[in-house]
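Observations on chain architecture
Given next are the chains, with one letter for each unit.
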Amino acid sequence: MTDTNKSRPTPADWKALANKESKGRDLTWETPEGFDIKPLYTEADHADFDPGLPGFPPFTRGVKASMYAGRPWTIRQYAGFSTAEESNAFYRRNLAAGQKGLSVAFDLATHRGYDSDHARVVGDVGKAGVAIDTVADMEILFDQIPLDTMSVSMTMNGAVIPVMAFYIVAAERSGVAREKLSGTIQNDILKEFMVRNTYIYPPEPSMRIVSDIIAYTSANMPKFNSISISGYHMHEAGATAVQELAFTIADGKEYAQRAMATGLDIDAFAGRLSFFFGIGMNFFMEIAKLRAARTLWYRVMDGLGAKKDRSKMLRTHCQTSGVSLQEQDPYNNVMRTTIEAMAATLGGTQSLHTNALDEAIALPTDFSARIARNTQLVLQEESGITNVVDPLGGSHYIEALTATLVEEAEKLMAEVDQAGGMTAYVATGAPKAAIERAAAEKQTSVDKGETVIVGVNKYRKDKEDPIETLDIDNAKVRKGQIARIEQVKAARDEQKCQAALEALKVAAETDPAAARAALGDGRDERGVPLPPKVIAEMEAKGDVNLLAKAVEAARADATLGEISAAMEQAFGRHDATPKPVSGVYKSAYEFDRRWAQVTDGVAAVERRLGRKPRIMVAKMGQDGHDRGANVIASAFADLGFEVISGPLFQTPEEARDTALEADVDVVGASSLAAGHKTLIPELIRLLKEAGRADIKVTAGGVIPASDYDFLREAGVQGIYGPGSNVVECAADILTLLGHNMPPAGDEI
């Protein structure tokens, strides 16, 4: 029986008791976003925030009233490797085992618009995704997969035009009309300029491509999502939750405005826009992030004049974090992925990919992929998560976090608006620099042990157990792809193919606004007569939509590289050199003994050489992920090294030339896409051939331990995998340069 005479405890009563129990210790925790998280939340912490109800504006609690109680999220595993044949077999095994949708990973040669026979992609073909050069490859990729009923998601941005064209034509050749195709193309180029770097063309023509795809799919593919606006890659690059939210929603706003500027009605396309977020290990923050994203998108689309509720609903795919996966004690990654998957589903995602335990090291095996897929099946079938809509709605902590994320993200989005929109803001370099600073701050926290990673910087095993990984024979895949390219070219109508490619080039050279204005009088919007060739092309085809032109080229069996090159002739190719942030490590380690030991060592080497020791951080191949390379460059510069950040996408020959020109002592080769066994040994060979065998070559990134002996035999003198302490990496480099460093932990 309740004692009704006893007064209910107040927050003040709790604070007094908690203070007594903790003996006055401050129980607040500061997040990477700068939020002070209290140990207790009450209704007062979210009194001004109304999340509404599921299925109703602002959709904070879910875009459907019934959510998973009516239909669970789609299990959509992201996969692709080696050849189209190998990937197709992998897809069909996964679909038979319970996967519900396909999510295609393409290799880096494909991402960057190169055919497999191009000299720049020798080490990239088939390594981090499936190689697609022709419509024939795409037909094989989807062999025996019913494209009229199977939802297909494709992660593609740079070469999005030829990949979409190949998908449409491959479906046609299997008897499926484009109107029946369902799924999503990523088509989010702005984030490529911020973090992922798998762009091809400069920003403005890239934005035209986005708009053309939205226009084409709106008119011809009513079941297909024309864009997946991605925060995932920002998350993986080190962005805070606020940065990921603000920049992703701002990207979406920019795409919508660009599409509207072409004359499209917002409600005609907005319902087919979708999003893609990364899910990390801050469990409650990630749940709140998805809820905040829906609120923010509703407000943005309402502000742009959307009328339909569907236009204002943020629908999202999520993927568990790759950065949180660790090479050390890798079976811990199963737990990490499970926690992140729970956060995604409790946050209300529409589909989900769960990473495999070995993806910090290599491509997933069938064994690890099955565990990752079954993680979702267990959550759907056994956990009870699907029985209640937004089960954490009303949690004081969740609602307060959601409200704070909305407020802080809107402040950052206001900065974007003041800069003139996301395209202009990206051009300033501000978002990229902010994310890189956040990444460096996170890494210093891990290196110092302030952020615990079980099995890495705490509870580490004395000796790591071996783990089986998947290895791709890159040379064999490339040889097979080249043979198929030759077969396709030999069998096609060459005159028809070249005419289609020329029409695509002309379309790319033509300003679409001028083309629209010129219909009827042959003049652009300024009154200037258009060339007769352009007018004839417009009259023949009706418009200058790039995807429409590429579909014609694909029907004529043009290759991916040829289609990309046709547009490159008009647009040019965009290149960039990383510009790492500075000062983050130096300020974080100001009073650290080991930091002082290493900086003293750098100074000693400088005295001996008569200059600072020089290290070049090299990114060879077509992998644009530069988080690790930038963190290393930032830390080594703060330690006193002279750091040369090599341009992205170098060949081994170009890396050699940069190293020789800068007269470096060390080349640190960063590898995240499995090209290390091809590219790094070639660089070592070229340096020896140039008479500079004295330049030390080290390797860092996603490199399986089983490859270490191979690399050492090739001449690599230091190997630093995921989880390596950056300060200890620098100490090891000093040892390579002949300085006798004391072991970690020794007193100065």
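Residues numbered from 1 in each chain as written. Predicted model: local features only at pLDDT ≥ 70, side-chain atom pairs only at ≥ 80, totals over all residues. Heavy atoms only, no water.

An unreviewed UniProt entry annotates the protein chain as Methylmalonyl-CoA mutase originating from Erythrobacter ani.

**Considerations on the overall build of the protein chain**
Keep this limit in mind: Helix numbers and strand numbers start at the N terminus; a helix is a DSSP run of H or I with at least 4 residues, a strand a run of E with at least 2. Atoms counted for the radius of gyration: C-alpha only. Globule rule: 2.2 Å times residue count to the power 0.38. Three exposure classes are used, based on accessible area relative to the maximum for each residue type with a 1.4 Å probe and protein chains only: buried under 20%, partly exposed in between, and exposed over 50%. Working rule for contacts: check all heavy atoms of both residues, and any pair within 4.5 Å makes them a contact. Each accessible area is a Shrake-Rupley estimate made with a 1.4 Å probe; only the visible protein chains count as cover when residues are assessed. The charge count treats Lys and Arg as positive and Asp and Glu as negative. His and the chain ends do not count. Throughout, a charge is located at the NZ atom of Lys, the CZ atom of Arg, the CG atom of Asp or the CD atom of Glu.
The helix and strand tally for the protein chain stands at 30 helices and 16 strands. Expected size for 748 residues packed as a compact globule is a radius of gyration near 27 Å; at 27 Å, the protein chain falls within 12% of this value. Dimensions along the principal axes, computed over C-alpha positions, put the protein chain at roughly 80 × 80 × 55 Å. Split into buried and exposed, the 748 residues of the protein chain put 58% on the buried side. Within the protein chain, contacts between residues separated by at least 24 positions form 79% of all contacts whose residues are at least 6 apart in sequence. Within the structure as shown, the protein chain displays about 30,100 Å² of accessible surface, and the carbon and sulfur contribution to it stands at 51%. The positive charge centre, built from 82 side chains, and the negative charge centre, built from 103, are 2 Å apart in the protein chain.

**Considering the packing of aromatic side chains**
For clarity, the cut-off: Two rings from Phe, Tyr or Trp (for Trp, the six-membered ring) form a pair when their centres are within 6.5 Å of each other. A pair whose planes differ by under 30 degrees is stacked, one over 60 is edge-to-face, and the rest are tilted. For a lysine, the NZ atom is tested; for an arginine, the CZ atom; a charge sits over a ring if that atom is within 6 Å of the ring centre and within 35 degrees of the ring normal.
Evaluation of the coordinates by the stated rule reveals 16 aromatic pairs. Between Phe59 and Tyr298 the ring centres are 6.0 Å apart and the planes differ by 70 degrees, which places this aromatic pair in the edge-to-face class. Of this pair, Phe59 sits in the loop between strand S2 (36-37) and helix H2 (67-70) while Tyr298 sits in helix H12 (residues 283-303); the two residues are 239 residues apart in sequence, bridging distant segments of the chain. Assessed through its relative accessible area of 0%, Phe59 is described here as buried. Residue classification places Tyr298 among the buried positions, given a relative accessible area of 19%. Residues Phe275 and Trp297 carry aromatic rings whose centres are separated by 4.8 Å and whose planes lie at 70 degrees to one another, so their mutual orientation is edge-to-face. Taken together, the positions of Phe275 in strand S9 (residues 273-279) and Trp297 in helix H12 put the pair 22 residues apart, joining distant regions of the chain. Each member of the pair, Phe275 together with Trp297, is buried. Residue placement shows Lys38 over the ring face of Tyr41; its charged tip is 5.1 Å from the ring centre. Positioned above the aromatic ring of Phe649, the side-chain terminus of Arg112 is 3.5 Å from the ring centre.

**As for the side chain of Thr110**
Formally: Side-chain atoms alone can form a polar contact between residues adjacent in sequence; in general such a contact is a pair of N or O atoms within 3.5 Å, and within protein one must be able to donate a hydrogen while the other accepts it.
When you line up the elements, Thr110 lands in helix H4 (residues 108-111). Residue class for Thr110 comes out buried when judged on its relative accessible area of 1%. From its side chain, Thr110 meets the backbone nitrogen of Ile132 in a polar contact 3.2 Å long. Excluding its chain neighbours within four sequence positions, the residues that come into contact with Thr110 are Val130, Ala131, Ile132, Met156, Ala159, Val163 and Leu560.

**Details of the pairing of strand S5 (residues 152-155)**
Quick reminder of the rule: When DSSP locates at least two bridges between a pair of strands, those strands are taken to pair.
Here S5 shows no split at all, with Val152 and Met154 on one side and Ser153 and Thr155 on the other all buried. Strand direction decides the pairing type here: strand S4 (residues 101-105) and S5, joined by 4 bridges, are parallel. In the strand pairing of S5, Val104 is matched with Met154. Summarising the sheet, S5 and strand S6 (residues 183-185) pair through 3 bridges and their orientation is parallel. Bridging from a neighbouring strand, Val152 pairs with Gly183 of S6.

**Details of the nonpolar core**
Under the convention used in this document: The term nonpolar core refers to a set of buried residues drawn from Ala, Val, Leu, Ile, Met, Phe, Trp, Tyr and Cys, joined through side-chain atoms within 4.5 Å.
With 77 residues, the main nonpolar core has Phe247, Leu405 and Met422 as its most contacted residues. At 11 residues, the largest contribution of residues to this core is made by H12. With sequence-adjacent residues up to four places away left out, Met422 is seen in contact with Leu190, Met194, Phe247, Ala250, Asp251, Glu254, Val416 and Pro431. Core analysis: the second largest hydrophobic core is formed by 62 residues, Leu147, Ile161, Ile209 and Phe224 among them.

**Considerations on a nonpolar patch on the surface**
Heads up, the rule is: A residue counts toward a patch only above 30% relative accessible area and without a salt bridge, and it is joined to like-charged neighbours within 9 Å or, for Val, Leu, Ile, Met, Phe, Trp and Tyr, to nonpolar neighbours within 5 Å. Whenever a carboxyl oxygen of Asp or Glu lies within 4 Å of a side-chain nitrogen of Lys or Arg, that contact is scored as a salt bridge.
Judged by side-chain polarity, Val452, Val454 and Tyr459 come together as a nonpolar surface patch covering roughly 290 Å² of accessible area. In this structure, Tyr459 sits in the loop between helix H17 (430-447) and helix H18 (474-491).

**A look at helix H3 (residues 84-96)**
Because the α-helix completes a turn every 3.6 residues, residues three or four places apart line up on one side. Rules: Multiplying one less than the number of residues by 1.5 Å gives the expected span of a helix. Think of it as the arc spanned by the lines of direction from the helix axis to the C-beta atoms.
Helix length check: H3 (13 residues) gives 18 Å between terminal C-alpha atoms against 18 Å at 1.5 Å per residue, within 8%. All of the buried residues along H3 are Ala84, Ser87, Asn88, Phe90, Tyr91, Asn94 and Leu95. Buried residues of H3 fall within an arc of 165 degrees about the axis and therefore sit on the same side.

**Brief notes about the confidence of the model for the protein chain**
Formally: For every residue, the predictor reports its confidence as pLDDT, a number between 0 and 100.
Averaged over all residues, the pLDDT of the protein chain equals 89, while 94% of them reach at least 70. When the elements of the protein chain are averaged for pLDDT, helix H21 (residues 532-541) gives the smallest value, 53, and H12 the largest, 98.

**Here's the deal with the packing of helix H6 (residues 160-173) against helix H8 (residues 203-220)**
In plain terms, the rule: Here the axes come from fitting lines to C-alpha atoms, over the contacting stretch only for helices, and the angles between their N-to-C directions go from 0 to 180 degrees. Any angle that is under 35 degrees is reported as roughly parallel, and any over 145 degrees as roughly antiparallel; angles of 65 to 115 degrees are reported as roughly perpendicular and all others as oblique. As a working rule, the residues Ala, Val, Leu, Ile, Met, Phe, Trp, Tyr, Cys and Pro are called nonpolar, Asp, Glu, Lys and Arg charged, and the rest polar, with Gly in that last group.
Packing of H6 against H8 leaves a shortest axis separation of 10 Å and a crossing angle of 20 degrees. Classed by the angle they form, the pair H6 and H8 counts as roughly parallel. Between H6, through Val160, Ile161, Met164 and Ile168, and H8, the contact on the second element is made entirely by Ile209, Ile213, Tyr216 and Thr217. By residue class, the composition of the contact of H6 with H8 is 7 nonpolar, 1 polar and no charged.

**As for the packing of H12 against helix H13 (residues 332-347)**
For clarity, the cut-off: Rotating anticlockwise by less than a right angle from the far helix to the near helix defines a left-handed crossing, while the corresponding clockwise rotation defines a right-handed one.
Here H12 crosses H13 at 30 degrees, and the two axes come no closer than 8 Å. As judged from the angle between their axes, H12 and H13 are roughly parallel. In the crossing of H12 with H13, the sense of the turn from one axis to the other is right-handed. Listed contacts from H13 to Phe283, Glu286, Ile287, Leu290, Arg291 and Arg294 of H12 are Ile339, Met342, Ala343, Ala344, Leu346 and Gly347. A breakdown of the residues in the contact of H12 with H13 according to their chemical character gives 8 nonpolar, 1 polar and 3 charged.

**Concerning unusual backbone geometry**
Put simply, Pro57 and Pro58 share a cis peptide bond, and its omega is 5 degrees. For Pro58, the location among the structural elements is in the loop between S2 and H2. Phi is positive for Asn197, which is not a glycine, with a value near 70 degrees. Secondary-structure assignment places Asn197 in the loop between helix H7 (190-196) and H8.

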